[in-house]
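Reading the structure
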Amino acid sequence: MASRVDAGAGALLGTLLGDAVGAPYEGAGPTSLAKAEERAAQAVAAAPLRYTDDTELAIALGEHLRAHPLVEHGALAAGILANLEPWRGYGGGMLALVDEWRRGRPTDEAATAVFPDGSFGNGAAMRIAPVGVRWADEPWRLADVAARSASLTHAHPLGVDAAVAQATAVGIATSRGRFGADEVAYVAQRAQQRLLGELLRTARALLADHEADADDALVTVAETLGTDVAAQHSVPTAIWAAAAAGDVREAVTLALALGGDVDTIAAMAGAIRGAADGAASLPEAWLAAVEEPDRVRAIGEALAHDALGGEATS
Ligand code: AR6
Ligand code: MG
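So, here's what we can say about the structure.

So, how was this worked out
Residues numbered from 1 in each chain as written. Chains lettered and ligands numbered in written order. Predicted model: local features only at pLDDT ≥ 70, side-chain atom pairs only at ≥ 80, totals over all residues. Heavy atoms only, no water. Helix = DSSP H or I, 4+ residues; strand = E, 2+ residues; numbered from the N terminus. Rg over C-alpha atoms; globule rule 2.2 N^0.38 Å. Buried < 20%, exposed > 50% of the residue type's maximum accessible area, 1.4 Å probe, protein only. Contact = heavy atoms within 4.5 Å. Areas by Shrake-Rupley, 256 points an atom, 1.4 Å probe, with all protein chains shown as cover. Lys, Arg positive; Asp, Glu negative; His and termini not counted. Charge placed at Lys NZ, Arg CZ, Asp CG, Glu CD. Donors = N, O, S within 2.8 Å, 3.2 Å for Na, K, Ca; no water. 1 Å grid on protein atoms, 1.4 Å probe; cavity = no way out; pocket = protein on both sides within 12 Å on 5 of 7 lines; lining within 4 Å. Points joined across faces, edges and corners; volume = space filled by probe spheres on them. Near = heavy atom within 4 Å. Polar contact = N/O pair within 3.5 Å; in protein donor to acceptor, adjacent residues only side chain to side chain. Sits in = over half its atoms within 2 Å of the grid points. Nonpolar A, V, L, I, M, F, W, Y, C, P; charged D, E, K, R; others polar. Expected span 1.5 Å × (residues − 1). Axes fitted to C-alpha atoms, helices over the stretch in contact; angles between N-to-C directions. Parallel < 35°, antiparallel > 145°, perpendicular 65-115°, else oblique. Left-handed = near helix turned anticlockwise from the far one by under 90°. Phe/Tyr/Trp six-rings, centres within 6.5 Å; stacked < 30°, edge-to-face > 60°. Lys NZ or Arg CZ within 6 Å of the ring centre and 35° of its normal.

A look at the overall build of the protein
- Each helix and strand counted, the protein has 18 helices and 0 strands in total.
- Against the 2.2 N^0.38 benchmark of 20 Å for 314 residues, the protein shows a C-alpha radius of gyration of 17 Å, consistent with a compact globule.
- Seen through its C-alpha atoms, the protein measures out along the principal axes to roughly 50 × 40 × 40 Å.
- Every one of the 314 residues in the protein was classed for burial, and the buried ones make up 58%.
- Across the protein, the fraction of contacts at a sequence separation of at least 24, relative to all contacts at a separation of at least 6, is 75%.
- Of the roughly 11,600 Å² of accessible surface on the protein, a fraction of 50% belongs to carbon and sulfur atoms.
- In the protein, 23 side chains carry a positive charge and 42 a negative one; their mean positions are 4 Å apart.

Have a look at this one:
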């Protein structure tokens, strides 16, 4: 089993690798595993690979958690604003929300200013790996902190609950050092929203049918769970991919084959698989191809250290 520090680094670097390798193919249709492997190799060959909003927000949240382990909305919004480069591919609702903050709108009002029920996009889930690392040993606190992190930007009950599910997946992968069908069942049991719980149980059931080289099984997964930007679709799909894959590289390749919101599904699956397997399992050539791996690794390691003995006071 990976050391906790290596697992923390793996979760954050898994986010980065999935995001950066998947980004050139965001919005692509489903394809075969063989073609997906080719696409991953082509992306890596086109280095340096930029990360997108998925990683930029994971960095902001990770740095925030060092100072505010329980998450503080005002400070998190300030950290996101300070870090934000709008060209990195943000969702339209997210950019409109950020404008509300800039205009001085209180964060609780801003959360429902763009969508009256809040956003159910996967933006809160895609950045959540740092919470899973920081609170891997305290599942109730993990869920509470993940929900608070999510509700700043994705206040819809499905946006929040899917982010909690993704954080729970990273947390259980970190603490158990594995992520398979039993861990998917663990995450499904904790879902609060019925739709999300059903889709996670379906993801668990689909694992039983999966064979690593079965392209038909991939089409079934994409059609049954969904691959779009809605958190209730892409989070169960990413959790399925993490459990179906043997390592981060394979998880990212599965996301490329599934199509749709490829970078974000790859980032979330990569985070879970990276937590389970540790940073030592990551492909060197991929790490050499992406932007800022040292910064991202350091955040994951620091959060793991904090979890093991740092002070949690605010
Ligand atoms: N009602 C209708 N549509 C919605 C709602 C809602 N309540 N909530 C979300 N959408 P957003 P994100 C749709 O803008 O979640 C990047 O490419 C709506 O079309 O909150 O941060 C990343 O790589 C909205 O624009 O941003 C991820 O793939 C969209 O969902 C993604 O964007 C996304 O929600 C993350 O986006
Ligand atoms: Mg995306």
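Back to the text.
Topic: the coordination of the magnesium ion (ligand 2)
- Coordination sphere of the magnesium ion (ligand 2), protein contribution only: E26 (OE), D261 (OD), D263 (OD) and T264 (OG1), at 2.2 to 2.6 Å.
- Using a relative accessible area of 7% as the deciding quantity, one classes D261 as buried.

Some points on the layout of surface pockets
- Of the pockets and cavities examined, the largest pocket occupies roughly 390 Å³.
- Contributing to the lining of the largest pocket are 28 residues, with G91, S119, G121, H154 and V229 lying nearest its centre.
- Mapped onto the lining of the largest pocket, the elements with two or more residues apiece are α3 (53-67), α5 (92-102), α7 (123-126) and α16 (262-277).
- Tallying contributions element by element places α5 first for the lining of the largest pocket, with 4 residues.

Quick look at the site of ligand 1
- Ligand 1 sits among 21 residues. The nearest are E26, G93, S119, H154 and D261.
- A distance of 3.2 Å separates an oxygen atom of ligand 1 from a polar backbone atom of G89.
- Here ligand 1 has 700 Å² of accessible area as a free molecule, and 78% of this is covered by the chains.
- Because more than half of its atoms lie within 2 Å of the grid, ligand 1 is assigned to the largest pocket.
- Taken together, the elements giving at least two residues each to the shell around ligand 1 come down to α3, α5, α7 and α16.
- Tallying contributions element by element places α5 first for the shell around ligand 1, with 3 residues.
- When the residues that make up the shell around ligand 1 are grouped by side-chain class, the tally is 5 nonpolar, 11 polar and 5 charged.

Description of α3
- Given a rise of 1.5 Å per residue, 15 residues ought to cover 21 Å, and the 22 Å separating the end C-alpha atoms of α3 matches this to within 8%.
- Counting buried residues along α3, 12 of its 15 residues qualify, which places the element largely inside the surrounding structure.
- Those residues of α3 not exposed but buried are D53, D54, T55, E56, L57, A58, I59, A60, L61, G62, H64 and L65.

A look at the packing of helix α13 (residues 215-225) against helix α14 (residues 231-244)
- At their nearest, the axes of α13 and α14 sit 9 Å apart, and the two run at 150 degrees to each other. Taken together, the axes of α13 and α14 lie roughly antiparallel to each other. Regarding α13 and α14, the two cross each other, and that crossing is right-handed. Counting all contacts with α13, which are made through L218, V221 and L225, the residues of α14 involved are H233, P236, T237 and W240.
- Taken together, the residues of the contact of α13 with α14 break down into 5 nonpolar, 2 polar and no charged.

Examining the packing of aromatic side chains
- According to the stated counting rule, one finds 0 aromatic pairs in the structure shown.
- It is R88 that lies over the ring of Y51; its NZ or CZ is 4.1 Å from the centre.

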